[in-house]
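Next come the chains, spelled out residue by residue.
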Amino acid sequence: MNKIELKPGIYSVGVVDWNLRNFHSYSIHHGATYNAYLIVDEKITLIDTVMAPFSKELLDRISEIVDPSEIDYLISNHVEMDHSGAIPEVMKAATKAVIVTSSPNGLKGLKAHYGDDYPFMEVKAGDSLSLGTRSLTFVATPMLHWPDNMVTYCPEEKILFSNDAFGQHYISNKHFDDEADYSQLMKEAQNYYANILMPFGTQAKKAIAVVEGLDIEMIAPSHGIIWRSFVKEIIKEYKRFADGIMEDTALVIYDTMWHSTERIAHSIVEGFSKRGTNAVMLDLKVNDLSDIITQVLTARYLVIGSPTLNNNILPNVAALLSYLKGLQPRSKQGFAFGSYGWGGQSVGIVNQALEELGVEIIMDPIKINYIPSKEQLLEIENKVAAL
Ligand code: FEO
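Scoring rules and cut-offs
- Residues numbered from 1 in each chain as written.
- Predicted model: local features only at pLDDT ≥ 70, side-chain atom pairs only at ≥ 80, totals over all residues.
- Heavy atoms only, no water.
- Pairing = 2+ DSSP bridges.
- Helix = DSSP H or I, 4+ residues; strand = E, 2+ residues; numbered from the N terminus.
- Axes fitted to C-alpha atoms, helices over the stretch in contact; angles between N-to-C directions.
- Buried < 20%, exposed > 50% of the residue type's maximum accessible area, 1.4 Å probe, protein only.
- Right-handed = clockwise from strand over helix to strand, strands pointing away.
- 1 Å grid on protein atoms, 1.4 Å probe; cavity = no way out; pocket = protein on both sides within 12 Å on 5 of 7 lines; lining within 4 Å.
- Points joined across faces, edges and corners; volume = space filled by probe spheres on them.
- Nonpolar A, V, L, I, M, F, W, Y, C, P; charged D, E, K, R; others polar.
- Domains from an automatic or database assignment.
- Contact = heavy atoms within 4.5 Å.

Colleague: Would you mind going over the sheet that holds strand S15 (residues 159–163) with me for this structure?
Modeller: Sheet strands pair via backbone hydrogen bonds, and the direction of the pair is either parallel or antiparallel. On the basis of which strands lie adjacent, the open sheet formed by 5 strands has the order S12-S13-S14-S15-S16 and mixed pairing. Edge strands, defined here as strands with exactly one partner in the open sheet, are strand S12 (128–130) and strand S16 (218–221). The mean angle between the axes of side-by-side strands here comes to 20 degrees, regardless of whether they run parallel or antiparallel. Bridge count between strand S14 (residues 150–154) and S15: 3 bridges; the pairing is antiparallel. Directly across from tyrosine 153, in S15, lies its bridge partner leucine 160.

Structure below.
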């Protein structure tokens with residue numbers, strides 16, 4: 001294996017999980033990396049680990065650089081198992097290592113996962129740890145996205161080890177942002193933020209404010225590519241996401257049984273097009289939910305449609321609404337639409353769900369019996385165009 005050196009004496013020793021496609025229901029299209037970093041100083045330090053099945057690969061990479069028994073500190077920025085899963089195997093080899101974790105929630109989480117039988121050192125925001133020629137300072141980022149989260153800053157090297165923050169599931173055999181396809185990298189960063197961090201905009205803003213106060217040359221996240229040439233750009237993107245800055249884009253998201261709801265969707269898109277708004281048709285049968293959520297993050301309009309099935313909405317629409325409820329997109333505008341044969345409950349259900357999400361309802365729900373006529377479709381188009 002080739003050594004990946006961020007700076008002299010600082011190595012990336014994590015792994016690539018090429019086959020991962022589902023991360024607690026978040027779709028991953030090309031796999032994921034679990035990045036861990038090794039700092040060789042007077043005190044040898046490992047920052048984060050990897051998922052448990054990759055423990056041996058992590059230890060093999062470390063062993064190319066130092067004997068794992070020489071590790072003094074294991075910094076656990078985050079308890080979630082994609083970063084802590086290898087702790088038991090690492091600690092078997094790193095016999096003198098102390099696990100450094102946030103107080104109190106990191107310690108609580110690690111003990112709940114791996115027991116009490118490890119030497120722990122609790123740190124709080126602003127605490128510093130000397131490694132010899134370098135030091136590490138800990139920055140608390142609670143609820144970004146677990147209570148225990150922290151990031152670790154090395155002022156001498158100007159590197160921020162940011163764990164989940166600024167991560168992406170951009171997978172390749174490249175390691176740095178200037179080696180990656182820029183637009184694809186930024187898209188993956190947005191996809192990651194939308195699906196993992198969207199509910200935590202307030203916490204993200206606080207964390208960004210702290211990060212902006214640091215002198216950073218490199219951001220080394222726990223997923224994906226390391227930022228060294230586009231540090232300012234990714235921080236700016238995070239500010240945009242956290243501030244809820246939106247584009248004049250309408251997402252018309254629907255499922256359909258016999259194409260009536262789809263016809264209404266087409267008219268809505270035509271209406272938005274007439275008023276100069278970018279509009280996107282997203283059939284839930286053919287679009288990945290996680291990819292839709294990526295677009296939800298920055299779209300102003302959220303328009304959702306379902307026909308009525310068994311006095312209810314279609315299951316795909318229910319899944320979308322349930323996912324949105326947890327992700328809490330902010331400051332959207334929208335409305336509900338759909339067709340029905342009898343009963344006709346679906347549109348009311350979608351409308352209520354939009355209201356509960358805090359979406360500003362900008363048009364009465366569109367509810368069409370059986371098949372929309374040409375006149376009805378034109379009327380919908382004109383109504384939307386006049387919004
Ligand atoms: Fe990458 Fe919250 O774990």
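Colleague: What's the story with the pairing of strand S9 (residues 71–76) in this structure? I'm lost.
Modeller: For a regular strand, side-chain orientation follows a simple rule: the groups alternate between the two sheet faces. The buried fraction of S9 is high, at 6 of 6 residues. In this sheet, S9 lies alongside strand S8 (residues 44–47) in parallel orientation, the contact comprising 4 bridges. Along S9, the bridge assignment pairs isoleucine 44 with isoleucine 71. Read as a crossover between parallel neighbours, the route from S8 over helix H1 (residues 55–63) to S9 is right-handed. Sheet analysis places S9 next to strand S10 (residues 98–102), joined by 4 bridges and oriented parallel. By the bridge assignment for S10, isoleucine 75 is matched with valine 100.

Colleague: When you look at empty space enclosed by the protein in this model, what are you seeing that I'm missing?
Modeller: Regions of empty space are outlined by a rolling probe, equal in size to a water molecule, passed over the atoms. Tallied over the full model, the rule gives 4 cavities of 30 Å³ or more. Together, Tyr193, Met198, Phe241, Gly244, Met246, Leu297, Gln328, Pro329, Arg330 and Lys332 line the largest cavity. Of the residues assigned to the lining of the largest cavity, the class counts are 6 nonpolar, 2 polar and 2 charged. A domain-level breakdown of the lining of the largest cavity finds at least three residues from each of domain 1 (4–243) and domain 2 (250–385).

Colleague: Honestly, the sheet that holds S10 in this entry has me stumped. Any pointers?
Modeller: If you trace the 7 strands from one edge of the open sheet to the other, you get S1-S2-S7-S8-S9-S10-S11, paired in mixed fashion. Each having just a single partner strand, strand S1 (4–7) and strand S11 (120–123) make up the two edges of the open sheet. For this sheet, the mean angle separating the axes of adjacent strands, direction not counted, is 25 degrees. The pairing of S10 with S11 spans 4 bridges and is classified as parallel. By the bridge assignment, isoleucine 99 is partnered in S11 with phenylalanine 120. In this fold helix H4 (residues 105–114) packs onto S9, S10 and S11, with an angle of close to 125 degrees to the strand it touches most, S10.

Colleague: Quick question: what am I supposed to make of unusual backbone geometry here?
Modeller: In most cases, non-glycine residues show a negative phi, while peptide bonds are predominantly trans. Each neighbour pair has its own omega, and for serine 103 with proline 104 the value is 0 degrees, a cis peptide bond. Of note, proline 104 is situated in the loop between S10 and H4. Between leucine 144 and the following residue, histidine 145, the backbone shows a cis peptide bond with an omega angle of 20 degrees. A positive phi is found at asparagine 310, a non-glycine position, where the angle reads about 55 degrees. Residue position: asparagine 310 is located in the loop between strand S19 (299–305) and helix H10 (315–327). Residue class for asparagine 310 comes out exposed when judged on its relative accessible area of 68%.

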